[in-house]
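A closer look at the structure
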Amino acid sequence: MIVGVLKETAEHERRVALTPEVTAQLVKQELEIWVEEGAGLGSNFPDAEYEESGAKIAESRDKVLSECDILLTIQTPDEADIKKLKKGAILICFLWALQHPELVELLKEQGITGMGMDAVPRISRAQNMDALSSMSSIAGYKSALIAANELDKYLPMMMTAAGTIPPAKTLVLGAGVAGLQAIATLRRLGAVVEAFDIRPEVKEQVESLGAKFVEVELGDDETQTEGGYAKELDKSKQELQREAIHKHARKSDIVITTALIPGRPAPILITEEMVKDMAPGSVIVDIASENGGNCELTEHGKTVEKYGVSIVGPYNLPSQLSLHASKLYSKNMVALLNLLLEDGKPNFNFEDEIIKNTTITHQGEVISPMLKE
Ligand code: NAD
């Protein structure tokens, strides 16, 4: 079996799907690893390290595409690349199939088995394959560092001969994987942290990190799906939530927003009115910017100043920590491969919840229950 690894071509993408360390593990399992020249450079893994790990540096990108049985990438390859794959090849990467029906059609037509790293179920047995969590955690960490860097204040309390400086006040909206890591990082930097999420059960996790949970009375309606994801709030609840957030945001030096609803645009939690009310010099880092943003004034990929407040809409945060992001993604991916491979050959056991949910298309059919629904 030939496993191919491509150099990522998307803008702002520095990660690589397979590291030399994980390459060596796969080589021991008698898989042939073909890597496109320079694939690891964005994460500081030179070609020589892949060769030392037993991989072959392929003659060309096209050679990887046309010969491999399994292709590993981070971002979905473009249509031209997918058309160069052999019929029956397996593509494993972030596919976001729900949002891209045209991609699902293409994979079906080409007879490609598409496995989405974003479709790995969030169950305990799949924790070591959960690339969404690994990447979100990096995004949360990096968002706190960006915020600290933008702010013209200390984060910790400082007792100096010239006087005492109080700790910075910060607010984190959305306490999923990214939000919790942002809270932990802000706390490590010495800031006072408040946090809010519409899923009430995260209160305990927020408090265990030393932050205060902001209580908002949203009534008894369910705020989450059976799968544990947040639901979109109706208009009156959104208003209630914004009023509550407004009171806390106006007192905060930093607001980090991470709120997402699967398959929907990111909810607007910070309006223009709220930004106007924040102190000049405050900072908003909007991690949801790729999905439309949680702040009305966010511009994706830019840092803008509005009413004296810096609003950061960062590109691809995991890629900014490319070495560790690649290491974690690579380990997530190999855990999935190990589940899939039996005696070195793929075995699509659709009785297995992880294989069934992760496989988007196989032999020209849609497999994913999420897509069938
Ligand atoms: P996500 O990235 O989809 O969303 C980020 C956060 O935004 C979530 O906590 C969500 O509740 C919150 N949010 C949405 N709308 C909001 C609003 N209007 N106001 C405030 N907050 C809002 O979330 P995620 O980090 O990917 O986690 C999603 C689910 O998966 C959670 O239930 C999480 O506990 C679960 N999970 C389980 C595992 C596991 O191994 N069992 C691992 C990771 C995550």
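One can find the structure itself at the top, above this paragraph.
Summary of the structure given here. (Residues numbered from 1 in each chain as written. Predicted model: local features only at pLDDT ≥ 70, side-chain atom pairs only at ≥ 80, totals over all residues. Heavy atoms only, no water.)

Observations concerning the side chain of His-248
Within the secondary structure, His-248 is located in helix H9 (residues 235–249). Looking at His-248, the relative accessible area reads 15%, which means it is buried. Discounting residues that sit within four places of it in the chain, His-248 has contacts with Leu-171, Glu-194 and Val-214. (Helix = DSSP H or I, 4+ residues; strand = E, 2+ residues; numbered from the N terminus. Buried < 20%, exposed > 50% of the residue type's maximum accessible area, 1.4 Å probe, protein only. Contact = heavy atoms within 4.5 Å.)

Description of the sheet that holds strand S2 (residues 32–35)
The mixed open sheet is built from eight strands, whose spatial order is S3-S2-S1-S4-S5-S6-S18-S19. Among the strands making up the open sheet, the edge pair consists of strand S3 (56–57) and strand S19 (365–366). By the bridge criterion, three bridges tie strand S4 (residues 70–72) to strand S5 (residues 90–93) in an arrangement that is parallel. By the bridge assignment for S5, Leu-71 is matched with Leu-91. Packing of helix H5 (residues 101–110) onto the sheet brings it into contact with S5, strand S6 (113–116), strand S18 (359–362) and S19, and relative to S18 it is tilted by some 40°. Of the strands in this sheet, S4, S5 and S6 are in contact with helix H12 (residues 322–340), which crosses S5 at around 145°. (Pairing = 2+ DSSP bridges. Axes fitted to C-alpha atoms, helices over the stretch in contact; angles between N-to-C directions.)

Let's talk about the packing of aromatic side chains
Summed over the entire model, instances satisfying the criterion amount to four aromatic pairs. An aromatic cluster is present here, built from Phe-94, Trp-96 and Tyr-329 joined pairwise through their rings. One residue, Lys-56, lies across the ring of Trp-34, its end atom 3.9 Å from the ring centre. (Phe/Tyr/Trp six-rings, centres within 6.5 Å; stacked < 30°, edge-to-face > 60°. Lys NZ or Arg CZ within 6 Å of the ring centre and 35° of its normal.)

Quick notes on the state of the cysteines
Within this structure, the stated rule accounts for zero disulfides. Cysteine Cys-93 remains unbridged, with the sulfur of Cys-68 as its closest cysteine sulfur at 12 Å. (Disulfide = S-S within 2.5 Å.)

Points about the site of the ligand
Taken together, the neighbourhood of the ligand is formed by 22 residues, with Val-177, Asp-197, Arg-199, Gly-228 and Gln-241 sitting nearest. Between the ligand and Gly-176 there is a distance of 3.1 Å, counted from an oxygen atom to a backbone nitrogen or oxygen. Burial of the ligand by the protein amounts to 84% of the accessible area it has alone, namely 840 Å². (Near = heavy atom within 4 Å. Polar contact = N/O pair within 3.5 Å; in protein donor to acceptor, adjacent residues only side chain to side chain. Areas by Shrake-Rupley, 256 points an atom, 1.4 Å probe, with all protein chains shown as cover.)

Notes on the pairing of S2
Inspection of the sheet shows strand S1 (residues 2–5) paired to S2 by four bridges, in the parallel sense. Residue pairing for S2: Val-5 is matched across the bridge by Val-35. Bridging between S2 and S3 involves two bridges; their strand directions are parallel. What sits directly across from Val-35, in S3, is Ile-57. Between the parallel elements S2 and S3, the chain passes through helix H2 (residues 47–52) in a crossover that is right-handed. (Right-handed = clockwise from strand over helix to strand, strands pointing away.)

From the geometry alone we can't say anything about function, so treat these as descriptive.
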